[in-house]
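# Structural overview
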Amino acid sequence: MTGYFPYHVGRQNTYIRHLQPSGVFLNYTILPEKLKQLGYSTHIIGKWHLGYCNWSYTPTFRGFDSFFGYYLGSEDYYTHETHTSELNSIKNRGLNEQLFLDFRNNTKPAKGYNGIYSTQVFSKAATELISKLNPRIPTFLYLPFQAVHSPLEVPQRYQDMYKNIKDVNRRKYSGMVTALDEAIGNITAALKKFGFYGNSIIVFTTDNGGQVYAGGNNWPLRGNKGTLWEGGTRGPAFVHSPLLKRTGFITNNLFHAVDWLPTLLHVAGGQADSGIDGIDQWNMINGYGTAIRNEFIYNIYDTDTLRTRGAIRVGDYKLIIGSGGSPSGWYPPPYCQLYKLVQLHYISTESSERPNLSL
């Protein structure tokens, strides 16, 4: 949203919690505000999680024409209330231990969705929005789905597609991915039906590595969500568009999340501010394939009680200062023959971290 590394905008250490008086600072002009200046219609459906301590930090005050979704980091997929694991900060303040509805239609509470799976709610909201928009007006639709974040919840029919998977978490996770895939298909069909697809660019990307304790898996990469290891930081993404000069190719060139802002602004006919950390990579995506980026900083954590830690990559080399984070091992998927070996090794060790298993 800003084009800056997290440690340059004060968001490097942890996520925004309940009642935390913080957010992405207002002196940063974020992507939807930039696109509004270029004449775009801008909309967000899904997870915000960039601050809500003041109206000025919320989506419709930061460049979005409309917002349908939730403010915080996780919640129940059916009740749309904040999940109990998120309530620690509230409990520590001595307030009543209760769940809160975190669902908004613009600035108003969105009621009447209890019992409806959020992936399907967001898919329907997106297709209905597309049906009402004018394809002659350029549009930016930001769709940060709740899936496939914990808690692991999915309609039974999706979970039943994976009865062959014995691990319950992995089975539910797989069902959640399939429900998400179906939602993306429905939205793509709506783009075609209502005249947007021919001039569209669809970007699909993760925001971090998988959570191995909640069905995710980063094999053969090391580590977990929240760590500096490659399993926590390297994720899949793709760009799909009729406008691409070359399609059907895979690139392993370096690309950082901060690069999306200047890249998308380029396509929209704009230009990012000088001095940001992001790099315009449209020519690389568009088929030329030449590497643009050679280095980036993974993160710099500076509130660790023991020492500062961080990581940087230059070319094919990566340097981690301090701890890379925990869990730090390699975790084959549950159906892998080595899965039991890894678990037995973990059970036999007294380390607080899972073992580093070289394969």
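First, a word on scope: everything that follows refers to the structure included in this document.

Rules and cut-offs
Residues numbered from 1 in each chain as written. Predicted model: local features only at pLDDT ≥ 70, side-chain atom pairs only at ≥ 80, totals over all residues. Heavy atoms only, no water. Helix = DSSP H or I, 4+ residues; strand = E, 2+ residues; numbered from the N terminus. Buried < 20%, exposed > 50% of the residue type's maximum accessible area, 1.4 Å probe, protein only. Contact = heavy atoms within 4.5 Å. Areas by Shrake-Rupley, 256 points an atom, 1.4 Å probe, with all protein chains shown as cover. Salt bridge = Lys/Arg side-chain N within 4 Å of Asp/Glu carboxyl O. Pairing = 2+ DSSP bridges. Axes fitted to C-alpha atoms, helices over the stretch in contact; angles between N-to-C directions.

Moving on: the overall build of the protein chain. Along its length, the protein chain carries nine helices and 10 strands. Counting the 359 residues in the protein chain, one finds 43% classified as buried. Counting only contacts in the protein chain whose residues sit at least 6 apart along the sequence, the fraction spanning at least 24 positions is 62%. Here the protein chain displays about 19,100 Å² of accessible surface, and carbon together with sulfur accounts for 51% of that area.

A few words on the pattern of salt bridges. Think of it this way: side chains of opposite charge can pair up when their charged atoms draw near. One pass over the full model with this rule turns up seven salt bridges. Between Lys34 and Asp273 there is a salt bridge, with its nearest N and O atoms 2.8 Å apart. With Lys34 in helix H1 (residues 31-37) and Asp273 in the loop between helix H7 (260-267) and helix H8 (282-288), the pair connects residues that are 239 residues apart, well separated along the chain. According to the relative accessible area criterion, Lys34 is buried, its value standing at 10%. Note that Arg157 and Glu182 form a salt bridge whose closest N and O atoms lie 3.7 Å from each other. In this pair, Arg157 sits in helix H4 (residues 156-159) while Glu182 sits in helix H5 (residues 168-193), placing the two residues 25 residues apart along the sequence. Here the residues in one salt-bridge network are Glu230, Arg234 and Lys318, joined through shared partners.

Right, let's get into the environment of Val148. Its place among the elements puts Val148 in the loop between strand E5 (139-142) and H4. Here Val148 is in contact with Tyr77, Tyr173, Met176 and Val177, once residues within four sequence places are set aside.

Reading across the sheet, the three strands line up as E8-E9-E10 and stay open at both edges, with antiparallel pairing between neighbours. Whereas interior strands pair on both sides, the edge strands pair on one side only; in this sheet they are strand E8 (295-301) and strand E10 (317-321). Within the sheet, the average angular offset between the axes of one strand and its neighbour, ignoring direction, is 5°. Relative to E10, strand E9 (residues 309-314) is paired through five bridges, and the arrangement is antiparallel. Bridging across to E10, Ile312 finds its partner in Leu319.

The strands making up a sheet associate through hydrogen bonds between their backbones, and the pairing can be parallel or antiparallel. Spatially, E4-E3-E2-E1-E5 is the arrangement adopted by the five strands of the open sheet, whose pairing is mixed. What marks the edges here is a single partner per strand, and that holds for strand E4 (108-109) and E5. In the sheet, strand E1 (residues 41-47) pairs with strand E2 (residues 66-70) via five bridges, with the strands oriented parallel. Directly across from Gly46, in E2, lies its bridge partner Gly69.

To continue, consider the environment of Asp259. With respect to the helices and strands, Asp259 occurs in the loop between strand E7 (237-240) and H7. Exposure remark for Asp259: the relative accessible area of 0% places this residue in the buried category. In sequence terms Asp259 and Asp277 are 18 residues apart; their C-alpha atoms lie 7.7 Å from each other. With near-sequence residues (within four places) excluded, Asp259 lies in contact with Asp277, Gly278, Ile279, Gln281 and Arg293.

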